[in-house]
Amino acid sequence: MKIKKKRNALRQSLAVFRYSGRAIGLVWNTSRFLTIILATLTLAAGLLPAAIAYLGKLIVDAVVLASQSDGSSFVNISRPLLYVGLEAIAVALLAGSQRGLSICQSLLRVLLGQKVNVLILEKALTLDLRQFEDSEFYDKLTNARREASVRPLSLVTRTFGLVQSALSLVTYGVLLVNFSIWAVIVLILAAMPAFIAETKFAGQAFRLFSWRAPETRQQHYIENLLAREDFATEVKLYQLGEMLLSRYHNLFNQLYGEDRDLTLRRGLWGYLLSLVSTAAFYMAYAWIVVETVVGRISLGDMTMYLIVFRQGQSTFSNALTSIGGMYEDNLYLSNLYDFLEEEVPQPWGKATIGVNPQDGIRFENVSFTYPGSSRPALRNISLHLKPGEKLAIVGENGSGKTTLIKLLTRLYTPDSGRIFLDGLDLQEWDVDVLRRRIGVIFQNFVRYQFTVGENIGVGDVEHLEDQSRWQNAAQKGMAQPFIEQLPEDFRTQLGRWFKGGQELSGGQWQKIALARAFMRNRADILVLDEPTSAMDAQAEFDIFNHFRSLTKEQMVFLISHRFSTVRMADKIAVIENGEVVEQGTHEELLKTQGRYAKLFLLQAAGYK
Ligand code: ADP
């Protein structure tokens, strides 16, 4: 039992080294050449100090010998001078290897930063929407991206630094063995408590850091709220500044309290235990002085041991500092690998054409519940849309309209029931082929900080730069007139992030988004989730007036709260609490005098 406990404690202490191997592997994959140089130079920088100490001894001994012998013959002087020369060379080599190490590290930092960032971004591309919406997972992504460029290298540098210190200490030990094996044993034993305490505290700090990650994230979030332009308006107008700042303070105080306790304990114990090793060092030192005085070892030996002790002490404390810093690097790497190793379900469908192209889109008893939610967002949805037909979906906020679109575009998979396109289950389609057939505008479409043309062009990446397509799409989306008013036409930069950027109104952005959907002119399914909600009534009227002729061949899913638009659809589905409660044409639904009729008359009355 006790042994098991001890083993666990040891394992926890060694947590600081957990990711060193992987970090070195990462560096190796980034640049083998630089890694080999780094390792070689580390070796040199670890071994040279002992050699220098040894040369120091040779110099003193040679000088003593020369001064004792009579006359000042050339031979007597040449030997000490030779050693002096050798020591100068060794010192130059040491300086060279240290400089080389820092050059290697600078180069590796850049390469490794890029490599890790690319790894993270490539992984992000393979993720499911489901994973992006999972807060825990999203935290992993954010954590992985933060400090991606410094942490891996820092861990590698510290690991190599530790190896270098260890090498120096071992070679110092070898020099000392000549004096007495007991001295070496006593010094190692005396160093143990400080070493164990340091790894233990580092391990504790590592765990503290891990489990309080949520608070740290909250702090970052508040920082964001206070410092980013998109939040500035609301924070100012609702006067949230002081409240947010005080939350920020509270979080800080909580975190700081824990930090302070650990830092104090660590500092105090670190100091006390290092006193033990210092005492041992100096006792051994005194022993050496005595041995020299009684003539059992040479003056040169004493000089060497003196250097070995001084440097041994500082090397040792450097090693402890390295260990101290390694826990943060480890924490980062554990986050990074958690993220990179997250499993991503692979889409398996391969079909590129359907079995019955005349069938269009068919929902059969589709139900769906969001992960982590207790209530289904959609229940037993059945719909059928033939090629060329237009369906309007009507319903209150939260009734499940957008969810239906997300299932159709295969961003999510139904829990039960099936969705068919051209007679083939959506899951059986090759996802790229499927997505190419769909043009979508979501309510929260992206306002890219690119030029106007690119903002439209992203609708079809293969023709991102095709100007005549931009114009065509802009015309269909009714964006052409205001684009012509912009200072540089289609080349005008949008958004405020970059120099010369122009901000557009909500309605203008929507016209851009509409144009983007029209850019996909090979898509035969068009999905419009409240595409005109921010436009004025005239613009919306104009768009839908020519909409039918623009989309003759396409199936359209339209979500809108404006019945003037909705009534133009071939079919209307009313959704309530995730269920289709009514379905039919405008006239049919009015006749049944149900939910649709009520809502329609309500809105019509509002306009009278
Ligand atoms: P609508 O588009 O009709 O306004 P949605 O389809 O967006 O409604 O939402 C339907 C229901 O699903 C709502 O109750 C909403 O709270 C829930 N919901 C929407 N998105 C998510 C999500 N990503 N995770 C969990 N629940 C969600």
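Residues numbered from 1 in each chain as written. Predicted model: local features only at pLDDT ≥ 70, side-chain atom pairs only at ≥ 80, totals over all residues. Heavy atoms only, no water.

Caption draft 1: Main features of the domain arrangement of the protein. Each assigned domain of the protein is listed here: domain 1 (2–340), domain 2 (347–437 + 524–608) and domain 3 (447–522). When each unit is reduced to the centre of its C-alpha atoms, the spacing between domain 1 and domain 2 is 60 Å. (Domains from an automatic or database assignment.)

Caption draft 2: Structural view of the packing of helix α7 (residues 151–177) against helix α12 (residues 299–340). Interhelical geometry of α7 versus α12 gives an angle of 155 degrees and a closest axis separation of 8 Å. What the angle tells us is that α7 and α12 run roughly antiparallel. Considering the relative orientation of α7 and α12, their crossing is left-handed. (Axes fitted to C-alpha atoms, helices over the stretch in contact; angles between N-to-C directions. Helix = DSSP H or I, 4+ residues; strand = E, 2+ residues; numbered from the N terminus. Parallel < 35°, antiparallel > 145°, perpendicular 65-115°, else oblique. Left-handed = near helix turned anticlockwise from the far one by under 90°.)

Caption draft 3: Looking closely at a nonpolar patch on the surface. The grouping of Val177, Ile181, Trp182, Ile185, Leu189 and Trp287 at the surface amounts to a nonpolar patch, some 610 Å² of accessible area in total. A total of four residues in the nonpolar patch trace back to one element, the largest contributor, which is helix α8 (residues 181–211). When you line up the elements, Ile185 lands in helix α8. (Patch = residues over 30% accessible without salt bridge, like charges linked within 9 Å, V, L, I, M, F, W, Y side chains within 5 Å. Areas by Shrake-Rupley, 256 points an atom, 1.4 Å probe, with all protein chains shown as cover. Salt bridge = Lys/Arg side-chain N within 4 Å of Asp/Glu carboxyl O.)

Caption draft 4: Examining the pattern of salt bridges more closely. Taken as a whole, this structure holds 17 salt bridges when the rule is applied. Several salt bridges share partner residues, and in doing so they unite Asp460, Glu462, Arg469 and Arg522 into one network.

Caption draft 5: Looking closely at unusual backbone geometry. Positive phi values are uncommon outside glycine, yet Gln239 reaches one of about 55 degrees. Looking at where Gln239 falls in the secondary structure, it is placed in the loop between α10 (229–237) and α11 (241–293). With a phi close to 50 degrees, Asp422 is a non-glycine residue in the positive phi region. Tracing the backbone through its elements, the reader meets Asp422 in the loop between β4 (416–421) and β5 (424–425). The class for Asp422 is buried, based on a relative accessible area of 6%. (Buried < 20%, exposed > 50% of the residue type's maximum accessible area, 1.4 Å probe, protein only.)

Caption draft 6: Here's a closer look at the sheet that holds strand β2 (residues 378–385). Spatial ordering of the open sheet is given by β2-β1-β4-β5, a layout of four strands whose pairing is antiparallel. Each edge of the open sheet carries a strand with a single partner, namely β2 and β5. Alignment of strand β1 (residues 361–368) against β4, held across five bridges, turns out to be antiparallel. Paired with Glu364 across the strands is Arg418, a residue of β4. Here helix α13 (residues 401–408) sits on the sheet and contacts β1, β2 and β4; the angle it forms with β1, its principal contact strand, is near 115 degrees. (Pairing = 2+ DSSP bridges. Contact = heavy atoms within 4.5 Å.)

Caption draft 7: A look at the site of the ligand. In the vicinity of the ligand, the residues found are Glu133, Tyr370, Arg375, Ala377, Glu396, Asn397, Gly398, Ser399, Gly400, Lys401, Thr402 and Thr403. Contacts to the ligand include Gly398, whose backbone N or O atom sits 2.7 Å from an oxygen atom. Here the ligand has 560 Å² of accessible area as a free molecule, and 66% of this is covered by the chains. In terms of residue class, the shell around the ligand is made up of two nonpolar, six polar and four charged. (Near = heavy atom within 4 Å. Polar contact = N/O pair within 3.5 Å; in protein donor to acceptor, adjacent residues only side chain to side chain. Nonpolar A, V, L, I, M, F, W, Y, C, P; charged D, E, K, R; others polar.)

Caption draft 8: Layout of the environment of Leu340. In this structure, Leu340 sits in helix α12. Sequence spacing of Leu340 and Ala144 is 196 residues, and the spatial spacing of their C-alpha atoms is 8.8 Å. Those residues within four positions of Leu340 in sequence are excluded, and the remaining contacts are Leu119, Ile120 and Lys123.

Caption draft 9: Geometry of the nonpolar core. Core analysis: the largest hydrophobic core is formed by 58 residues, its most contacted members being Leu38, Val116, Ile120, Tyr332, Leu333, Leu336 and Phe339. When residues of this core are traced back to their parent elements, those giving at least two are α2 (20–30), α3 (32–68), α4 (74–126), α6 (135–145), α7, α8, α11 and α12. Counting residues per element, this core draws most heavily on α12, at 13 residues. (Core = buried A, V, L, I, M, F, W, Y, C linked by side-chain atoms within 4.5 Å.)

Caption draft 10: Region of interest: the side chain of Glu582. Looking at where Glu582 falls in the secondary structure, it is placed in strand β10 (residues 579–584). We note that Glu582 is buried and unpaired, the nearest opposite charge coming from Arg595 at a distance of 6.7 Å. At 2.5 Å, the side chain of Glu582 forms a polar contact with the backbone nitrogen of Arg595. Residue contacts for Glu582: discarding those within four places in its chain leaves Ile572, Ala573, Val574, Leu589, Gly594, Arg595 and Tyr596. (Lys, Arg positive; Asp, Glu negative; His and termini not counted.)

Caption draft 11: Highlighting the environment of Phe231. Looking at the secondary structure, you find Phe231 in helix α10. Note on Phe231: relative accessible area 29%, which makes it partly exposed. The residues touching Phe231, leaving out its near neighbours within four places in the chain, are Asn224 and Leu225.

Caption draft 12: Examining the confidence of the model for the protein more closely. Per-residue confidence for the protein gives a mean pLDDT of 85; residues scoring 70 or more make up 96%. The secondary-structure element of the protein with the lowest mean pLDDT is helix α1 (residues 2–13), recorded at 65, while β1 shows the highest, at 93. (pLDDT = per-residue confidence, 0-100.)

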